[in-house]
Amino acid sequence: MTAVSRMHDNGMQSEQGNDLMRQVNSTAAFYRMQPVDLFTEHTICESLARADSPYMIAIEHPRAYGEIIGDLLYDKGLMNGNGRICEIGGGYGNLMKGLLSCYAESLRHVCMIDLSFNLLQRQRGLLKQWKNKISFINGDAHGIVPALSGIDLFIINEVVGDLDTWTDLDSRRLPHAVEERVARYGLTIPREELFHFNMGAVCLVEEICKSGACAFISEHSSDPIIPEGMAYLARGLSCDGFPREICLKDHSEYTIRFDHLIKTAAWWGKRVVTGALIDLVGLEKTSRMRNIFVGRMVGSDTQEIIYELLDHIREYRWMLIL
């Protein structure tokens, strides 16, 4: 949802040269320098921010997205009344608002980190009723995360696709930082065609694992999980692919190969739970949904809303690093 990083100590800056630097997609300047309008993007968090959102017509048991995430974290024992959590790139603050509305008493402290000063101010205003429990930091997560202490859980929702991505790589001529991680974690890469590599996402998972904290991550994936009973959603979707570019207003982000993040976390001795975001939010699995998607039935506002949500959310995965 919000870019949080320009790579510093992960090898990108150290092996530049103009040719290499042109291969790095960075959204840092976009989020630092421009006012950000998240409604130019279709984010799941904003679409399902409130229980009365029009998109809730597709959800079996409508609840705010932040409440859904809070339920998951609580069920996994990650909010025990004394925990400290940190959300990286919290957008307008709606995820945290939904979470705190139900689970504020289950948390000791919340830290909000964002590269965008404007978004951080929006978060501060939306979350003012919990101001005694929240701190706000304007900065680069890759620089701040290693310096934080006492964080039990990171929330990184619709953010890692904005992190720095190496683009158009050739497996025969990999940058050292990429080659090192591919070898260390046993990451699958194409042997012939050019590909993109989610360097920022992999490095952030490394830093979280080193900290000893747990993490919730969600994003567009290049290797999505199609829920049982919804095989029709795989139509036209690369389900075992490599990151692709998503062109947005004045910047691009990239889909995430979750397999790479999972292998990275496992190498560091972490346990990972993952799934389709469709299942997590409780999307209806009915013949109506299938008919709208397969037949592109958008003859009414309701059908258009459902089709738009299905087309977007089918590519999303979530994972917990435990």
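This text follows the structure it describes.
These numbers were taken from a predicted model, which means no experiment stands behind them.

Draft legend 1. Molecular detail of the overall build of the chain. A tally of regular secondary structure across the chain gives 13 helices and 12 strands. Referenced to the eigenvectors of the C-alpha coordinate spread, the extents of the chain come out at roughly 50 × 50 × 40 Å. Sequence-distant contacts, at least 24 apart, represent 77% of the contacts inside the chain between residues at least 6 apart. About 13,500 Å² of surface is accessible on the chain, with carbon and sulfur atoms providing 47% of the total. Averaged over its 33 positive side-chain charges, the chain has a centre that lies 3 Å from the centre of its 42 negative ones.

Draft legend 2. Main features of the pairing of strand β4 (residues 134–138). As defined by bridge partners, strand β3 (residues 107–114) adjoins β4 across 5 bridges and the pair is classed as parallel. Its bridge partner being in β4, Ile113 is matched across the sheet by Ile137. Read from β3 through helix α6 (residues 117–126) to β4, the crossover connection turns out right-handed.

Draft legend 3. Main features of the sheet that holds strand β1 (residues 24–25). Read from one edge to the other, the open sheet built from 3 strands follows the order β1-β6-β7, with strand pairing classed as antiparallel. Because the sheet does not close on itself, it has two edges, and the strands there are β1 and β7 (195–197). Summarising the sheet, β1 and strand β6 (residues 165–169) pair through 2 bridges and their orientation is antiparallel. Bridge pairing in β6 links Val24 to Trp166.

Draft legend 4. Examining the packing of aromatic side chains more closely. Applying the stated rule across the entire model yields 7 aromatic pairs. Geometrically, the ring pair formed by Phe30 and Tyr31 is edge-to-face, given 4.9 Å between the ring centres and 90° between the ring planes. Owing to a relative accessible area of 10%, Phe30 belongs among the buried residues under this scheme. Residue Tyr31 is classed as buried on the basis of its relative accessible area, which comes to 0%. Measuring from ring centre to ring centre gives 5.1 Å for Trp267 and Trp268, while their planes differ by 75°; the resulting arrangement is edge-to-face. Linked through ring pairs, Tyr185, Trp267 and Trp268 together constitute an aromatic cluster. One cation-aromatic arrangement involves Arg122 over Tyr92; the distance from NZ or CZ to the ring centre is 4.0 Å.

Draft legend 5. Examining the side chain of Arg257 more closely. Within the element layout of this structure, Arg257 appears in the loop between β10 (251–254) and α10 (258–267). Arg257 sits in the buried class, given a relative accessible area of 5%. Arg257 has contacts with Thr188, Asn198, Ser222, Asp223, Asp240, Gly241, Phe242 and Pro243, leaving out every residue within four places of it along the chain.

Draft legend 6. Just helix α9 (residues 199–211), in detail. Compared with the 18 Å implied by 1.5 Å per residue over 13 residues, the 19 Å span of α9 between its first and last C-alpha is a close match. Extensive coverage of α9 is indicated by the burial of 11 of its 13 residues. Within α9 the residues assigned to the buried category are Met199, Gly200, Ala201, Val202, Cys203, Leu204, Val205, Glu206, Glu207, Ile208 and Cys209. Gly212 lies just past α9 and shows a positive phi near 85°.

Draft legend 7. Broad picture of α6. For α6, every residue scored as buried is listed here: Leu119, Leu120 and Gln123. Buried residues along α6 cover an arc of 100° about the axis, so they all sit on one side. Buried-residue contacts for α6 involve β3 and β4.

Draft legend 8. Up close: the nonpolar core. If you look at the biggest cluster of nonpolar residues, it comprises 54 residues, and the most contacted ones within it are Tyr65, Leu73, Leu99, Phe216 and Leu283. Residue contacts for Leu73: discarding those within four places in its chain leaves Leu78, Met79, Leu99, Leu153, Ile155, Phe216 and Leu320. Counting residues in each nonpolar core, the second largest holds 42 residues, with Ile151, Leu163, Tyr185 and Ala201 among its members.

The rules behind these values
- Residues numbered from 1 in each chain as written.
- Predicted model: local features only at pLDDT ≥ 70, side-chain atom pairs only at ≥ 80, totals over all residues.
- Heavy atoms only, no water.
- Helix = DSSP H or I, 4+ residues; strand = E, 2+ residues; numbered from the N terminus.
- Contact = heavy atoms within 4.5 Å.
- Areas by Shrake-Rupley, 256 points an atom, 1.4 Å probe, with all protein chains shown as cover.
- Lys, Arg positive; Asp, Glu negative; His and termini not counted.
- Charge placed at Lys NZ, Arg CZ, Asp CG, Glu CD.
- Pairing = 2+ DSSP bridges.
- Right-handed = clockwise from strand over helix to strand, strands pointing away.
- Phe/Tyr/Trp six-rings, centres within 6.5 Å; stacked < 30°, edge-to-face > 60°.
- Buried < 20%, exposed > 50% of the residue type's maximum accessible area, 1.4 Å probe, protein only.
- Lys NZ or Arg CZ within 6 Å of the ring centre and 35° of its normal.
- Expected span 1.5 Å × (residues − 1).
- Arc of directions from axis to C-beta.
- Core = buried A, V, L, I, M, F, W, Y, C linked by side-chain atoms within 4.5 Å.

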